[in-house]
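# Structure assessment
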Amino acid sequence: MMAELQFREAIKAAIDEEMAKDEKVLIMGEEVAEYNGAYKTTEGLLDKYGYKRVIDTPISELGFAGIGVGAAMNGLRPIVEFMTFNFAVLAADQIINHASKVKYMTGGQINCPIVFRGPNASAGQLGATHSVAYDSMYAHFPGLKVIYTSEPDDAKGLLKSAIRDDNPVLFMESEQMYGLKGEVSDEEDYIIPIGKGKIKREGEHVTLVAHGKMYHLAVQAAKELAKDGVECEIIDPRTVKPLDLPLIIESIKKTNRCVILDEAHPFGGLAAEVGFLIQREAFDYLDAPVQRVTLPDVCAPFAKNLFDLWYPSVKQVVDAVNQVTYRN
């Protein structure tokens, strides 16, 4: 059975179910308790679980991330909510230097089962310092798992898996998708394994690899291209790291062409890494060079006319597909 939920409701359902299942699970962050969450992903949880497990924090990302890491090292399972991952840069020391490394540096004696979650990437005209996609950056570091979901069903199933994982997981959402509605499984204890992507649209002419908000851009472009007889297969990796590379490779063996969509800058981003992996594993199956659609190598502008030029568009995806199918 399926139930229609908003993205924020799917997130809340996952947290609620895991808090009910395991008393070691707690959530902390700015406005998660009294205000019911800045994006209402923790609405009602304070009344249900109390102040010891739903904890409002000061505006100090480094401080409360450090408390969360320490709590995880001592056997709890904290969920640390950042109002945006742009603010989580202040907590990068705890995430990169401590959470990711403690199991390695203690020879496996200390785990750090913690989830860092919140909005990632641009949410519109918020200026350069509030418009960065950080999934590629954190995926660079061993010891961290990175998830950036695109639909409510994935959000619920993967967040439950992330909370249960014995490793630090960065669970990224889009501020613009909290009101997005979608069918969500209501099966008891519904989980999706971390590291498993999904074919979300079958096609025969070109593979589109897209996650987060870029998945929805891929869907729009695929509809436009279908009008001209070009059928796109859309792969949603769902998990940035570990990446379901075999799923992508099998699709390319069928379509022989690939365009990667990434809500990040081109240099050193996920699209660059996936492009390299494709040429290493599936070079003989490619009938055209892999193309990518990313942000330009420039910070986000504030002015709407410039922002619209800066952000990836359906036309850019269509043009990239036309290039790999030699339709230009």
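Rules of the game
- Residues numbered from 1 in each chain as written.
- Predicted model: local features only at pLDDT ≥ 70, side-chain atom pairs only at ≥ 80, totals over all residues.
- Heavy atoms only, no water.
- Pairing = 2+ DSSP bridges.
- Helix = DSSP H or I, 4+ residues; strand = E, 2+ residues; numbered from the N terminus.
- Axes fitted to C-alpha atoms, helices over the stretch in contact; angles between N-to-C directions.
- Contact = heavy atoms within 4.5 Å.
- Phe/Tyr/Trp six-rings, centres within 6.5 Å; stacked < 30°, edge-to-face > 60°.
- Buried < 20%, exposed > 50% of the residue type's maximum accessible area, 1.4 Å probe, protein only.
- Right-handed = clockwise from strand over helix to strand, strands pointing away.

## Structural notes on the sheet that holds strand β4 (residues 77-81)
In space, the seven strands of this open sheet follow the order β3-β2-β4-β5-β7-β6-β12, with mixed pairing throughout. Two strands close off the open sheet at either side, each with one partner strand: β3 (54-56) and β12 (239-241). Taking each pair of neighbouring strands and ignoring which way they run, the sheet shows an average axis angle of 20°. The pairing of strand β5 (residues 115-119) with strand β7 (residues 169-173) spans five bridges and is parallel. By the bridge assignment for β7, Pro119 is matched with Glu173. Seen against the sheet, helix α1 (residues 7-21) touches β2 (25-29), β3, β4, β5 and β7 and runs at an angle of roughly 135° to β2. On the sheet, helix α3 (residues 61-73) packs against β2, β4 and β5 and is oriented at approximately 165° with respect to β4.

## Things to note about the packing of aromatic side chains
Under the counting rule described, the total for this entry stands at nine aromatic pairs. Here the aromatic rings of Tyr39 and Tyr178 are separated by 4.9 Å at their centres, their planes lie at 20°, and the arrangement is stacked. Of this pair, Tyr39 sits in the loop between β2 and α2 (45-49) while Tyr178 sits in the loop between β7 and β8 (181-185); the two residues are 139 residues apart in sequence, bridging distant segments of the chain. Summarising the burial analysis for this pair, Tyr39 and Tyr178 share the class buried. Aromatic ring contacts, followed pair by pair, group Phe64, Phe82, Phe85, Phe116 and Tyr138 into a single cluster.

## Remarks on the pairing of strand β10 (residues 206-209)
Burial along β10 is two-sided: the face carrying Val206 and Leu208 and the face carrying Thr207 and Val209 are both buried. Once you follow β10 into helix α8 (residues 213-226) and on to strand β11 (residues 232-236), the crossover reads as right-handed. For β10 and strand β13 (residues 258-261), the ladder comprises three bridges, and the chain directions are parallel. When the sheet's bridge partners are listed, Leu208 is paired in β13 with Val259.

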